[in-house]
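Coordinate analysis (summary)
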Amino acid sequence: MEPTRFAAGAAYIGGQFVPIDEAKIPVTDWGFTRSDAVYDVVHVFRHGFFRLDDHLDRFMASMAARRLKPKESREEIEAILHRCVGLAGLENAYVAMVALRGRPRVAGSRRPQDCDNHLVAYAIPWIDVIPKDVQERGAHLWIASTPRVPDASVDPTVKNYQWSDLTSGLFEAHDHGFDTAVLCDADGFVTEGPGFNIFMVRNGKVMTPDRGSLHGITRKSVLELCAEMGIEARICAIPRASLEGADEAFAATTAGGVMPISRIGSAILSNDRPGPISLALKAAYWRKHEEGWHRTEVRALDPA
Ligand code: PLP
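Read on for an overview of the structure. (Residues numbered from 1 in each chain as written. Predicted model: local features only at pLDDT ≥ 70, side-chain atom pairs only at ≥ 80, totals over all residues. Heavy atoms only, no water.)

Observations concerning the nonpolar core
- Within the largest apolar cluster, 29 residues are counted, with the highest numbers of intra-cluster contacts made by Phe49, Phe59, Leu81 and Val95.
- If you list the elements that add at least two residues to this core, you get strand E1 (10–13), strand E3 (37–45), helix H2 (52–65), helix H3 (74–88), strand E5 (93–100) and strand E6 (118–125).
- Per-element accounting of this core gives the leading share, seven residues, to H3.
- Not counting residues within four places of it along the chain, the set of residues in contact with Val95 comprises Asp40, Val41, Val42, Val44, Phe49, Leu81, Val85, Tyr122 and Ala123.
- Of all hydrophobic cores here, the second largest spans 22 residues; its members include Met207, Ala249, Ala251 and Ile264. (Core = buried A, V, L, I, M, F, W, Y, C linked by side-chain atoms within 4.5 Å. Buried < 20%, exposed > 50% of the residue type's maximum accessible area, 1.4 Å probe, protein only. Helix = DSSP H or I, 4+ residues; strand = E, 2+ residues; numbered from the N terminus. Contact = heavy atoms within 4.5 Å.)

Laid out in structure tokens, this is it:
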């Protein structure tokens, strides 16, 4: 074992563990040519996975929805994730599992059934989808004009890489000098952003969209925290105008946690700072991490 080879991250691909920079897929893999893949991301905080079972449950459901069947079992996938983190020696990590359609066994076949599905997993150093300094001042959120792809076309509860609409939203946001974006559906209801669920607070009540969104595991954590903290929270339809009239807002994701927002388009929230309910939820989210909430200790590496 040479841990330093894995210092930038460790990956599992083709049944082998390799340094992250050596993990490559063929250009003819449908995972690449068609975004025909599903994935999940779990984080490791101070050597412990957070809600690992929830992430594995969702990953298994995403694979089933897209009829992806890599050869590894759930137990094997779990062991692979532990080993990627162990090899990389990371205290805090972004840990991804991806199931790809692969390449057809039959040359030229257009049948997904003819492809050899496969699993890729990797652990790399922690990522915040909104940088920490931006989280501190509150992110500036742009409401994109690009509509979110309809749920009936691409099921947003199946975690996928079909990000054209979300990426267009990011371009719009950056072109207007904003940090990130949220997309509405074609009927003008708020959905989600590039890599996060969105929450708004109005008159002390917390709300998150009921459509066009991944059933985020951070979203679930936030709803649990609201219940514990006596904050009224619901999953409901949120028209664009309602978000624009929010008292507070925050984004929620595995790669960053609870991330306050201080501007939405031309609206300035909470004196241009993160709002009090957002900050209380953010603090509780991290305090409970320190207390071992939903924690699975990363297993030590087997002796080589
Ligand atoms: N929505 C999208 C499109 C995402 O990509 C993500 C996470 O990557 C989320 C929401 C948040 O989900 P979770 O809290 O499970 O990380």
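Moving on from the coordinates now.
A word on the pattern of salt bridges
- All told, the structure shown has 24 salt bridges when counted by the stated rule.
- Of the charged contacts in the structure, one is a salt bridge between Arg105 and Asp116, with a shortest N-O distance of 2.5 Å. One end of the pair, Arg105, is in the loop between E5 and E6; the other, Asp116, is in the loop between E5 and E6, with 11 residues separating them in the sequence.
- Between Arg295 and Glu297 there is a salt bridge, with its nearest N and O atoms 2.8 Å apart.
- The exposure class assigned to Arg295 is partly exposed, which follows from its relative accessible area of 32%.
- A network of salt bridges, in which partner residues are shared, links Arg51, Asp54, Lys220 and Glu224. (Salt bridge = Lys/Arg side-chain N within 4 Å of Asp/Glu carboxyl O.)

Examining H2
- Taking 1.5 Å per residue as the helical rise, H2 with its 14 residues ought to reach 20 Å, and the 20 Å between its terminal C-alpha atoms agrees with that figure.
- A positive phi of about 55° marks Arg67, the residue just after H2. (Expected span 1.5 Å × (residues − 1).)

Comments concerning the side chain of Arg219
- Along the polypeptide, Arg219 turns up in helix H6 (residues 217–229).
- As a buried residue without a salt bridge, Arg219 has its nearest oppositely charged side chain in Asp210, at a separation of 7.8 Å.
- Apart from the residues within four sequence positions on either side, Arg219 is in contact with Asn197, Phe199, Thr208, Pro209, Leu214, Ile235 and Ala252. (Lys, Arg positive; Asp, Glu negative; His and termini not counted.)

Things to note about the site of the ligand
- Around the ligand sit 16 residues, and of these Lys159, Glu192, Ile217, Thr218 and Thr254 come closest.
- Arg58 places a polar side-chain atom, nitrogen or oxygen, 2.8 Å from an oxygen atom of the ligand.
- Note that an oxygen atom of the ligand is positioned 2.6 Å from one of the side-chain N or O atoms of Thr218.
- Out of a free accessible area of 390 Å², the ligand has 94% covered by protein chains.
- The cavity that encloses the ligand is the largest pocket.
- Only strand E9 (192–193), strand E10 (196–202), H6 and strand E13 (248–253) provide two or more residues apiece to the shell around the ligand.
- Considering only residue class, the shell around the ligand consists of six nonpolar, seven polar and three charged. (Near = heavy atom within 4 Å. Polar contact = N/O pair within 3.5 Å; in protein donor to acceptor, adjacent residues only side chain to side chain. Areas by Shrake-Rupley, 256 points an atom, 1.4 Å probe, with all protein chains shown as cover. 1 Å grid on protein atoms, 1.4 Å probe; cavity = no way out; pocket = protein on both sides within 12 Å on 5 of 7 lines; lining within 4 Å. Sits in = over half its atoms within 2 Å of the grid points. Nonpolar A, V, L, I, M, F, W, Y, C, P; charged D, E, K, R; others polar.)

So, the sheet that holds E5
- Spatial ordering of the open sheet is given by E2-E1-E6-E5-E3-E4-E16, a layout of seven strands whose pairing is antiparallel. The open sheet has two edge strands with one neighbour each: strand E2 (16–19) and strand E16 (295–297). Strand-to-strand twist of the sheet, defined as the mean angle between neighbouring strand axes without regard to direction, takes the value 25°.
- Looking at chain direction, strand E4 (residues 48–50) and E16 are connected through three bridges and run antiparallel. Bridge pairing links Phe50 to Arg295 in E16.
- Across the sheet, H2 touches E3, E4, E5, E6 and E16, and the angle it forms with E3 is around 175°.
- Packed onto the sheet, helix H8 (residues 276–290) meets E3 and E4 and runs at close to 75° relative to E3. (Pairing = 2+ DSSP bridges. Axes fitted to C-alpha atoms, helices over the stretch in contact; angles between N-to-C directions.)

A word on empty space enclosed by the protein
- Applying the stated criterion across every chain yields a total of one cavity of 30 Å³ or more.
- In this model, the largest cavity occupies a volume close to 40 Å³.
- Looking at the largest cavity, the residues that line it are Phe45, Gly48, Phe49, Phe50, His289, Trp293 and Arg295.
- If one sorts the elements of the lining of the largest cavity by residue count, E4 sits on top with three residues.
- Residue classes in the lining of the largest cavity are distributed as four nonpolar, two polar and one charged. (Points joined across faces, edges and corners; volume = space filled by probe spheres on them.)

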